[in-house]
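These are the residues of each chain, in order.
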Amino acid sequence: MNKTRRNFLQHAALLSAGALATRNANAAQAPRGTEKQQTPKRNASERKFLPVITPDVPDLSYELDNGVKIFHLIAEPVKQQIYPGKILNLWGFNGSAPGPTIQASQGDRVRIIVDNHLPEPTSMHWHGFDIPFAMDGGPGLSQDAISPGGRFVYEFTLQQEGTYFYHSHMAMQEMMGMIGAFIMHPQEPYDPPVDQDFAIILQEYAVLPNNPTPNTMNMEFNWLTLNGKSGPANTPLIVRHGGRVRVRLINLGMDHHPIHMHGHQFVITGTEGGRQPKATWGPNNTVLVGVAQSRTVEFLATNPGDWMIHCHMPHHMMNQMSSMAGPLTRRAGMPAGAGMEEGMGMARSGNATGEEYGPSLGRGMGASSSLAQATTNGPLSPQHAEHPTSGMPMQMQMGNADVSKNANSVPGFPQDAFMESPMMAMDAMVAKPETFGLRSGWSGYMQGMMTLIRVLPPDQYDHIVSLREKQASASPAAMPNMPEHRQE
């Protein structure tokens, strides 16, 4: 029996006890319409298209009124769990940040009713749409901003095809999460057709200690998300070996993101302006998705495995990135009272590698940043794990630090905020049908803007699909990923 199949079978017991649901699991409210993802109803005369799947984000349903598709968006505060035990106060749409994915076809007439349940005015911009000026959503120009408790009705015909998005046109509201995907399916199917089509929205937040609300002015982002979840809490993409796959990447934040995929070469087939001519296609394995851009890539899933897809900015592959708080146990004589900028090597004077920069007490954005006690940057002991010093749950897989005996004599060790071993592995806490069969400890190396594209043989693919269907039919109250039902 090969290792892949053995690992696959070893995890059967974990999932048989109940897959953990992480599709927008909120501690204080469950997003409306997220219990089941259903393809919106279409009339019989409408041209069929392959629905786009946005893992961890619901689709927005619609009603038909004399051939017009009517969508209803509610701009509102959202409490969202982006990672086990990490609940943020965000702003989004219909209980989700990012907002639900809207799917329609080129040539459709759409009416989008936007209600403002925020404490301040807002407006909705349809990014990249060729629509009348009155529908553009530019506050003070094409319309008055939508007051708190107010409503604005947008209506237009979709002239384009491709990967687009909608977002508030109030800058700080964008940084609170107010963005969503808008897919315009073409009148004529793309050539070549794909077997699966996914969308991934890239977002980032700066979250200060002991504060669940992002600091929209801060540019030191320490939580990076894909579809509203930080790795390993986001849901892997499950594809069948041999299929053709499309992935639509959307970025509306403050950073550019070079997205790299392991195991395959892809071609870039579209941007935020629509489908690209085939003459422009060429092999890539990394695509730069700039701010306010989308990039669509396609590939043949010919190489079986559990392949990473992630932003290749090193700081974007971390969760709660911040300098360690307090004197590290592996070093003596740490300075105290430095600011966050100094702690992150942002020199205001002198040399950024000088002794005045580095670990110190009372700085950083991470949990327990105010502790006045020695702090280890190695794995916690099981005893410490049972008594966490912050709101972060520490029921995680522990192990001994995998470092050399002379580690402390090597320049550059320990690195501030560096985790020396998979101390953050939490396979059971983030388990769901899509993680079934992954190697034990996989979650310890998945953080920030990281997820998986799992290219599976037909039997494993079909088994995960069946597990997912069983989970979707379960009642939300029975889902064990809710905080009150967390499994150890």
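Scroll up for the structure.
Worth saying up front: this structure is predicted, and the values here are computed from it rather than measured.

Undergrad: Before we move on, could you go through empty space enclosed by the protein and cite the residues and values that matter?
TA: The tally for this structure, following the rule as stated, stands at 7 cavities of 30 Å³ or more. Counted as a void, the largest cavity has a volume near 70 Å³. If you trace the largest cavity, you find 13 residues lining it, with G162, T163, Y190, G270 and T296 closest to the centre. Contributions of two or more residues to the lining of the largest cavity are made by β8 (162–168), β13 (244–251), β15 (266–271), β16 (274–275) and β19 (293–300). Ranked by the residues each element gives to the lining of the largest cavity, the list is headed by β15, at 3 residues. In the lining of the largest cavity, the residues fall into 1 nonpolar, 7 polar and 5 charged.

Undergrad: Residue-level account of the environment of H463, with values.
TA: Along the chain, H463 turns up in helix α6 (residues 458–473). For the pair H463 and F436, spaced 27 residues apart in sequence, the C-alpha separation works out to 9.2 Å.

Undergrad: Go over the sheet that holds strand β21 (residues 450–456) with me, naming the residues and quoting the values.
TA: Strand order in the open sheet formed by 5 strands is β12-β21-β20-β14-β18, with mixed pairing between adjacent strands. On the outer flanks of this sheet lie β12 (237–240) and β18 (286–289), each paired with one strand and no other. Averaged over all pairs of adjacent strands, the angle between strand axes in this sheet comes to 20°, irrespective of strand direction. Sheet topology places strand β14 (residues 257–261) next to β18; 4 bridges connect them, and they run antiparallel. Residue pairing in the sheet places H257 in a bridge with V289 of β18. In the packing of α6 onto the sheet, contacts are made with β12 and β21, and the angle to β12 comes to roughly 135°.

Undergrad: Explain α6 to me, using residue names and the numbers behind them.
TA: If you check α6, its first and last C-alpha atoms are 23 Å apart, about what 16 residues at 1.5 Å a residue would give, namely 22 Å. For α6, the full list of buried residues reads Q460, Y461, I464, V465, L467 and Q471. One face of α6 carries all of its buried residues, which in axial projection span an arc of 160°. Away from its buried face by more than 90 degrees, α6 exposes E469, K470 and S473.

Undergrad: Quick rundown of unusual backbone geometry? Include the residues and the values.
TA: With an omega of 0°, the peptide bond running from D191 to P192 counts as cis. Within the secondary structure, P192 sits in the loop between β9 (179–185) and β10 (196–205). Following G231, the chain continues to P232 via a peptide bond in cis, the omega torsion being 5°. When you line up the elements, P232 lands in the loop between β11 (223–226) and β12. One non-glycine residue, N66, lies in the positive phi region at around 55°. Topologically, N66 is positioned in the loop between β1 (63–65) and β2 (68–83).

What counts, and at which threshold
Residues numbered from 1 in each chain as written. Predicted model: local features only at pLDDT ≥ 70, side-chain atom pairs only at ≥ 80, totals over all residues. Heavy atoms only, no water. 1 Å grid on protein atoms, 1.4 Å probe; cavity = no way out; pocket = protein on both sides within 12 Å on 5 of 7 lines; lining within 4 Å. Points joined across faces, edges and corners; volume = space filled by probe spheres on them. Helix = DSSP H or I, 4+ residues; strand = E, 2+ residues; numbered from the N terminus. Nonpolar A, V, L, I, M, F, W, Y, C, P; charged D, E, K, R; others polar. Pairing = 2+ DSSP bridges. Axes fitted to C-alpha atoms, helices over the stretch in contact; angles between N-to-C directions. Contact = heavy atoms within 4.5 Å. Expected span 1.5 Å × (residues − 1). Buried < 20%, exposed > 50% of the residue type's maximum accessible area, 1.4 Å probe, protein only. Arc of directions from axis to C-beta.

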